[in-house]
Amino acid sequence: MTLTVHTEEDEQRQLALTVEVPEDDVKQAMRQAARKLAGEVRVPGFRKGKAPYSVIVSRVGEEYLRSEAIEDLVQPSFEEALQEIDVIPYAQPSLDNIEPNPLVFKFTVPLEPTVALDEAYRELRKDVEAVEITDEAIDEALEQIQIRHQVVEPVERAVESGDLISLSGKGVLAPAAKEDDGDGDGDGETAVVEPTEETLFNEEQIELLMDAEILFPGTPFVENLLGLTAGDEKSFSFTFPEDFDEEELAGREASFEITVLDVKSRTLPELNDELAQLEGAFETLAELRESLQDNLKTQAESEAKNELIEGMIDDLVEKATIVYPPAAVEDEIDSLVRNMKQQMERSGWLWDDYLKIQGLNEETVRDNFRKNAEESLKRRLVLRQFIISEKLSVKAEDVDAKIEERIVDFGDNEDLRNSMRQYFSTGYGFDMLSSEILMDKMAARAKAIYMGEAPDLAELEAAEAADEEE
Amino acid sequence: MQIHWRNIIRRPVVTEKSSYQADLYNQYTFAVDSRANKVQVKEAIELAWPDVTVEKVRIANMPPKRARRWRRVTTRKPGWKKAIVTLSPGDSIDLFEGV
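Residues numbered from 1 in each chain as written. Chains lettered and ligands numbered in written order. Predicted model: local features only at pLDDT ≥ 70, side-chain atom pairs only at ≥ 80, totals over all residues. Heavy atoms only, no water.

## Quick word on the overall build of chain A
For step 1, the next point in the chain: The helix and strand inventory of chain A stands at 14 helices and 11 strands.
For step 2, the next point in the chain: Among the 470 residues that make up chain A, the fraction classed as buried is 34%.
For step 3, the next point in the chain: Long-range pairs, those at least 24 residues apart, make up 70% of the contacts in chain A with a sequence separation of at least 6.
For step 4, the next point in the chain: Split by element, the accessible area of chain A, about 29,000 Å² in all, is 46% carbon and sulfur. (Helix = DSSP H or I, 4+ residues; strand = E, 2+ residues; numbered from the N terminus. Buried < 20%, exposed > 50% of the residue type's maximum accessible area, 1.4 Å probe, protein only. Contact = heavy atoms within 4.5 Å. Areas by Shrake-Rupley, 256 points an atom, 1.4 Å probe, with all protein chains shown as cover.)

## Things to note about the sheet that holds strand 2 (residues 14-20) of chain A
All names here are of chain A.
For step 1, the next point in the chain: As summarised here, the arrangement of the 4 strands in space is 1-2-4-3, forming an open sheet in which the pairing is antiparallel. A strand with exactly one partner marks an edge of an open sheet, and here the two such strands are strand 1 (4-9) and strand 3 (94-99). Mean inter-strand twist for the sheet, computed between neighbouring axes without regard to direction, equals 20°.
For step 2, the next point in the chain: The pairing of strand 1 with strand 2 spans 6 bridges and is antiparallel. (Pairing = 2+ DSSP bridges. Axes fitted to C-alpha atoms, helices over the stretch in contact; angles between N-to-C directions.)

## So, the sheet that holds strand 6 (residues 80-87) of chain B
All names here are of chain B.
For step 1, the next point in the chain: Pairing in this open sheet of 4 strands is antiparallel, and the strands run 1-2-6-3 from one edge to the other. Each edge of the sheet is formed by a strand with only one pairing partner; in this case those strands are strand 1 (9-12) and strand 3 (54-62). Neighbour-to-neighbour, the strand axes of this sheet turn through a mean angle of 30°, independent of strand direction.
For step 2, the next point in the chain: As paired elements, strand 1 and strand 2 (residues 27-32) share 3 bridges and run antiparallel to each other. By the bridge assignment for strand 2, Arg-11 is matched with Ala-31.
For step 3, the next point in the chain: Together, strand 2 and strand 6 form the strand contacts of helix 2 (residues 16-25), whose direction differs from that of strand 2 by roughly 140°.
For step 4, the next point in the chain: Helix 3 (residues 38-48) rests against strand 1, strand 2, strand 3 and strand 6 of the sheet, and its axis sits at about 125° to strand 3.

## Observations regarding unusual backbone geometry
For step 1, the next point in the chain: Phi angles above zero are rare outside glycine, and Arg-13 of chain A is one such case at about 55°.
For step 2, the next point in the chain: Counting through the fold element by element, Arg-13 of chain A comes out in the loop between strand 1 and strand 2.
For step 3, the next point in the chain: One non-glycine residue, Asn-26 of chain B, lies in positive phi territory at about 60°.
For step 4, the next point in the chain: Note on placement: Asn-26 of chain B falls in the loop between helix 2 and strand 2.
For step 5, the next point in the chain: Since its relative accessible area comes to 14%, Asn-26 of chain B is described here as buried.

## Section: the interface of chain A and chain B
For step 1, the next point in the chain: With 9 residues of chain A in contact, the opposing surface of chain B contributes 5 residues.
For step 2, the next point in the chain: Taking both sides of the interface into account, the surface hidden between chain A and chain B amounts to around 530 Å²; carbon and sulfur atoms contribute 61%.
For step 3, the next point in the chain: Seen at the junction of chain A and chain B, the total is 1 salt bridge.
For step 4, the next point in the chain: Across the pair Glu-16 of chain B and Arg-47 of chain A runs a salt bridge, and its minimum N-O distance is 2.6 Å.
For step 5, the next point in the chain: Linking chain A with chain B are 2 residue pairs in polar contact (both at pLDDT 80 or more).
For step 6, the next point in the chain: Broken down by class, the residue content of the side of chain A that touches chain B amounts to 4 nonpolar, 3 polar and 2 charged. (Buried area = accessible area lost by both parts, 1.4 Å probe. Salt bridge = Lys/Arg side-chain N within 4 Å of Asp/Glu carboxyl O. Polar contact = N/O pair within 3.5 Å; in protein donor to acceptor, adjacent residues only side chain to side chain. Nonpolar A, V, L, I, M, F, W, Y, C, P; charged D, E, K, R; others polar.)

## Regarding the pairing of strand 3 of chain A
Residue and element names in this part refer to chain A.
For step 1, the next point in the chain: Relative to strand 4 (residues 104-110), strand 3 runs antiparallel, the two sharing 5 bridges. Bridge pairing in strand 4 links Ile-98 to Phe-105.
For step 2, the next point in the chain: Hairpin connection of strand 3 to strand 4: 4 residues between the antiparallel strands.

This is the structure:
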């Protein structure tokens, strides 16, 4: 085809593409369309697919045939035009208009966004705190382990703090009072204007841990239960403090009627080598501590890395000049919606039902996502630009090094090590590993920039040039 | 018996076979009045398409088709006369005019 192609770029990184298709090509496409139709239409006197062009024309009409032909022409002429102007659409292109005679298509082709980072980003300074694992953090982790191995047994005694008790009964919130609570005694306090009570809980059996720090903290709830024994009943009421964590409850009066069903004591195992052995392949408590420290450190480091990168992106997005075609946002929304759908379907919802229940439709869902989509698109673009400007890249030797590092964890089994090596060298494993390496590098560079220790860009450029020459 | 030329040619026969013959042998097929003979067909064609010359006319009587039975109902298609008209080389008729 010899197309007449005309392009014009607007200020939103969109290319208005006008493609004129010569009449000869339209005619040819019409013949092809007729051939196709002949196979589908039954014409008396002809076997399927055998009717000649002129018969088809007189049967379906020239207009119809032309519109079929035009439809068939859209895709190939668009592709050819793109090739001619050597452009790859960044997002879903759209067909805006068709003029039938002479045949002219008008497309809008989203172009790759342009990202200009603020020149001064390398001058950004921030304190980057070194990752440190305190003894307290380890102690806390150890306590979690103790709790996991705790021994719970029923006891015949009064409730003490730290016990696990079962109880039945209910708790109700007095109706939202009109600034009239002062004393906390009234059982007959329900005589306020609105007679509705809200149920806080109403259970046949519920197991509660008697810890005043956790269970309705700041209220005498736990206090009221201490000292009771199995079988005891008690009614009590109190007012939630004004600064209670759950806003809905703050300042409200609540009354409870409770029967204690049974009392169980909890015994935490002692912190010793025995516990360490219970927890896994550890010989001594010291080993367990060490491993906990390592784990916590790795975790904290990766969090710190993320924080660094996210912080860098925050700073960059703020100052960067980003121009992107609107279709890019739509694509982003598409993928968000698709994710959401999948998630819904995994949890057993039908998408349409979900929409109905939420009182939404596809349009409003998309609108809700729009802001997020724009944000994440911008962040991604800036991140990409950051990688490019900083000449960050993952090299084969980086990957090899990382693989060897990983493989150490798999012990001495040579077969297993080889298969893991294979896994990390191809496909998903490789992608995962390289993006991890890239993240590491980004975090390191972001840190360097914040500390004012980033290598000179000119030097990086020279190094890269040298690399390419090899 | 006189039949007006307009009434001699009833309709062109457009089928795979007739298109094939038109393309390769310059022969055009028509359904004609059952009473018409070769000479009348020739005259009628030349009157209807003044710029063609008829070289030869072949005529066949197509049999009626009966016995298309569905239970007791018999359908019946009447017979008709088919004329295959050979034109002089270079002449042609557009069969789809007015169809």
